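Understanding the architecture of this molecule
Listed below are the residues making up each chain.
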Amino acid sequence: MTYQEFLHHKAKYSSDLAAVAMGHKAADLIIKKGRLVNVHTGFIEESCDVIVSHGIIASVGNADDYPIGENTKVVHAQGKYILPGLIDSHMHVESSMVDLPSFAAGILPHGTTTICPDIHEMTNVFGLRAVELFHQSASDLPINVLTAMPVCVPSIPGMEDAGAVIDDTDVKKAYEKNWVELQGEQMNFPGVIFGDSGVHAIGAEGLKAGKVMTGHYSSPDLAGGLNAFIASGMTACHESTSAGEALAKISRGMYVQQRYGSAWLDLPNLVPALLDNPDIDSRMFTMVTDDVTPLTIAEDGHLIRVLREAVRLGVPPVQAVQMVTLNAAQLLEKERWIGSVAPGRAADFLLVDNLSDFRVDSVYAGGICVAREGQMMIEIPPFDYPDWALDSVHIQTQKAEDFQIPVPSGLKSSENGQTVRSIRLIPGMVFTKEEMIEIVPQEGFLEADASRDLAKICMIYRHEKSVPEKDRRAMGFLQGLSLKENTAYASTVSHDCHNLLVIGNDNEAMALAANELKACGGGLVVVHEGEVQARMSLPFAGLMSLKSVVEAAKELQAVEKALIDAGCPHDSAEMTISLLGLIVLPELHLSNKGLVKMKDGAPPCFVSLFPSKDEKTN
């Protein structure tokens, strides 16, 4: 159901709702004697009843004298806390590695009843038809899906190639067709603050359509740049990594979406903005998952996991609940629909045992009990995808020599070897570091070296759309994974263009890994000592499985174990690896066109693998 559909539904039954609220007509559902977490007042109402009709809350208070009809269902809460359904105002379904129906079935038992999926991953693969397809797959699901329109496809035009290009005419069409509810994260903040006409044309369509416009502002410029970004229409950002940055954003009227996903765990660094300022108004603080794996969902839950962590860190429980309910609804300008247990709102709520670990007893969506004790109570049927959605890896068979890096003719090496740029991966962080290293050429080629934690990294264009031959692949060097000898890892999950990313310290292993994903239609694979150690097939757009969250979690666990066995010591390493192609993040990343550097607030630019003399000394 969309917001407009909800309003029409409420209008249809407004007379019934009034009659039920007055006690003149029997309700469909009454929750008796719960402890209501009132997010409007910040108080807990003891022994509170919730009366529901037509999937809408008609009354909150005392229902002792209300009529009970033969079809009225009465549930005794027995002192459990009643919370509004949780709202994730920024997330990516694709990161769960399952499709939308499977994702909904995986998170509803954990209390998330509204999601705002920014689907720029699948849109980078398939373009506008992915937006329409996702809209179709969301129909009739027992969860509110407020789809965010992707506006960065590719993330920085001209510096990478995706499977499609989204421009202002595409954005306008999606708004007019009601395929989307808000604007997705505007990652091309350099384009915004430095006045790119195409970026501003896309933003103009969101403004004219009256859409909430979310952002991705990862620049250190919290003065002119931040003001320019917000002035251009952006209302929220999930990229804050420090309390000071969060305070700067809310001070200028921007909602801070505190992120706590599977790999990037910013929440602990952000809550001091609240805890160190006890008199601060917390309405501009929300919490989001952004990217969570199926393993995280299966083991720890979804947004409720973030809620638990906030309370563990010292955020008062009711304030933490507000951040994932009312505050999020106000960010989305949907507080008349969702975000609180109050008359006229959708009957989306959950019963929990306590306000510390928030153990979920039952979940209601639209007045229907959709989950109890961690299990779905209703069935969500699979979606039937067209053939084109399951065929997205278009590469030639790879050979070992395709992964050689020759030293350009005429380039002189120092006595220590050839100086090259290297990407330094930082576990659990979204950014990288640029480093200069020396490699001694071997017969005119530069090779990886496991003893130095030095791997090769290759980005191969894998989409159906044609690109020039020179842009079909780019290569560089990577440190930070600690892979053993004769190891390679490959993935078609490579934010945000989702080209084929191959990392390894052996050319044969890298070719084997790439060809394995070509054969299975995309996914993740680990190769060690000439053998495939683990593989997770992701046939939908090369990004998602059609299996359940639990099944996908088991496959991902096998991949993560294989990476650890191959020397990588980091948890959820595949998520951090997936950002090595995200060129809107600092400092050094790799697109299919080459190395892209973004540092010190300057616009992104291409840089050579082989730095100049001046760059070596800086």
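The model shown is predicted, which means the values in this text are computed figures rather than measured ones.

1. Here we look at the overall build of the protein
The number of helices and strands found in the protein is 20 helices and 31 strands. Over its C-alpha atoms the protein spans a radius of gyration of 25 Å, differing by no more than 12% from the 25 Å that the globule rule assigns to 618 residues. The C-alpha extent of the protein, read off along each of the three principal axes, is 90 × 50 × 45 Å. Taking all 618 residues of the protein together, 61% fall into the buried category. In the protein, 69% of the contacts between residues at least 6 apart in sequence involve partners at least 24 apart. Averaging the locations of the 49 positively and 79 negatively charged side chains of the protein gives two centres separated by 2 Å.

2. Re the pattern of salt bridges
Considering all chains together, one arrives at 27 salt bridges under this definition. For Asp402, the salt bridge is made with Lys399, and the minimal N-O distance between the two is 3.8 Å. The partly exposed category is assigned to Asp402, whose relative accessible area is 23%. By relative accessible area, Lys399 is classed as partly exposed at 43%. Among the charged side chains, a salt-bridge network with shared partners connects Lys32, Lys33, Asp49 and Asp64.

3. Considerations on helix α8 (residues 197-208)
Here α8 contains 12 residues, and its C-alpha end-to-end distance of 16 Å stays within 8% of the 16 Å for a straight helix at 1.5 Å per residue. All buried positions along α8 are accounted for by Val199, Ile202, Gly203, Glu205 and Gly206. In a view along the axis of α8, the buried residues occupy a sector of 150°, so they form one face of it. Of the exposed residues in α8, the ones pointing more than 90 degrees away from its buried face are Ser197, Leu207 and Lys208. Those residues of α8 hidden inside the fold are in contact with α6 (168-176), β10 (182-186), α7 (189-193) and β11 (213-215). The opening residue of α8 is Asp196, an N-cap whose side-chain oxygen sits 2.9 Å from the backbone nitrogen of Gly198. Taken from the residues just after α8, Gly210 is the one with a positive phi, measuring 70°.

4. Concerning the domain arrangement of the protein
Here the protein is described as being made up of domain 1 (84-337) and domain 2 (388-615). If you average the C-alpha positions of domain 1 and of domain 2, the two centres end up 27 Å apart. Tallying the contact residues gives 48 residues for domain 1 and 56 residues for domain 2. Each partner contributes to the roughly 4300 Å² buried at the junction of domain 1 and domain 2, and carbon and sulfur atoms together form 73% of this total. Its largest share of buried area at the contact with domain 2, domain 1 owes to Met97, Met159 and Asp161, together 19% of the area lost on that side. Where domain 1 touches domain 2, the interface holds one salt bridge.

5. Side note on the pairing of strand β13 (residues 255-259)
The element β13 is extensively covered by neighbouring structure, given that five of its five residues are classed as buried. Burial of β13 is two-sided: the residues Tyr255, Gln257 and Arg259 facing one way and the residues Val256 and Gln258 facing the other way are all buried. Assessed by its sense of winding, the connection that carries the chain from strand β12 (residues 236-237) through helix α10 (residues 243-251) to β13 is right-handed. Relative to strand β14 (residues 285-288), β13 runs parallel, the two sharing four bridges. Paired with Arg259 across the bridge in β14 is Val288.

6. Things to note about the pairing of strand β28 (residues 531-537)
By the bridge criterion, six bridges tie strand β27 (residues 523-528) to β28 in an arrangement that is antiparallel. Bridge assignment links Val525 to a residue of β28, and that residue is Arg535. Here β27 folds back onto β28 in antiparallel fashion, the turn holding two residues, of which Glu529 has a positive phi close to 55°.

7. Structural notes on the sheet that holds strand β6 (residues 86-91)
Across the sheet, which stays open at both edges, the three strands sit in the order β6-β7-β8 with parallel pairing between neighbours. Every interior strand has two partners, whereas the edge strands, β6 and β8 (144-145), have only one. The pairing of strand β7 (residues 112-117) with β8 spans two bridges and is parallel. Bridging across to β8, Ile115 finds its partner in Val145. Seen against the sheet, helix α3 (residues 100-107) touches β6, β7 and β8 and runs at an angle of roughly 140° to β7.

8. Let's talk about the UniProt feature "domain: Adenine deaminase C-terminal" (unreviewed entry) in the protein
Feature annotation in UniProt assigns "domain: Adenine deaminase C-terminal" (unreviewed entry) to the following positions: residues 430-600. As a span, residues 430-600 carries 21% helix and 33% strand, and end to end its C-alpha atoms are 16 Å apart.

9. With respect to the sheet that holds β12
The strand order β9-β10-β11-β12-β13-β14 describes an open sheet built from six strands, whose pairing is parallel. At either end of the open sheet lies a strand with only one pairing partner, and these are β9 (148-149) and β14. Pairing geometry for β10 and β11, over two bridges, is parallel. Each residue of the ladder has a partner; that of Gln186, found in β11, is Gly215. The strands touched by α10 within the sheet are β12, β13 and β14, with β13 carrying the most contacts at an inclination of about 150°.

10. Side note on the state of the cysteines
Inspection of every chain in the model, using the stated rule, returns zero disulfides. For the unlinked cysteine Cys116, the closest cysteine sulfur is that of Cys237, found at 15 Å. The thiol sulfur of Cys568 is not disulfide-bonded, and the nearest other cysteine sulfur, from Cys458, lies at 19 Å. In this structure Cys568 comes out as buried when scored by relative accessible area, which is 1%.

Rules used throughout
- Residues numbered from 1 in each chain as written.
- Predicted model: local features only at pLDDT ≥ 70, side-chain atom pairs only at ≥ 80, totals over all residues.
- Heavy atoms only, no water.
- Helix = DSSP H or I, 4+ residues; strand = E, 2+ residues; numbered from the N terminus.
- Rg over C-alpha atoms; globule rule 2.2 N^0.38 Å.
- Buried < 20%, exposed > 50% of the residue type's maximum accessible area, 1.4 Å probe, protein only.
- Contact = heavy atoms within 4.5 Å.
- Lys, Arg positive; Asp, Glu negative; His and termini not counted.
- Charge placed at Lys NZ, Arg CZ, Asp CG, Glu CD.
- Salt bridge = Lys/Arg side-chain N within 4 Å of Asp/Glu carboxyl O.
- Expected span 1.5 Å × (residues − 1).
- Arc of directions from axis to C-beta.
- Polar contact = N/O pair within 3.5 Å; in protein donor to acceptor, adjacent residues only side chain to side chain.
- Domains from an automatic or database assignment.
- Buried area = accessible area lost by both parts, 1.4 Å probe.
- Right-handed = clockwise from strand over helix to strand, strands pointing away.
- Pairing = 2+ DSSP bridges.
- Axes fitted to C-alpha atoms, helices over the stretch in contact; angles between N-to-C directions.
- UniProt positions renumbered as here; feature names shortened; annotations may be inferred.
- Disulfide = S-S within 2.5 Å.

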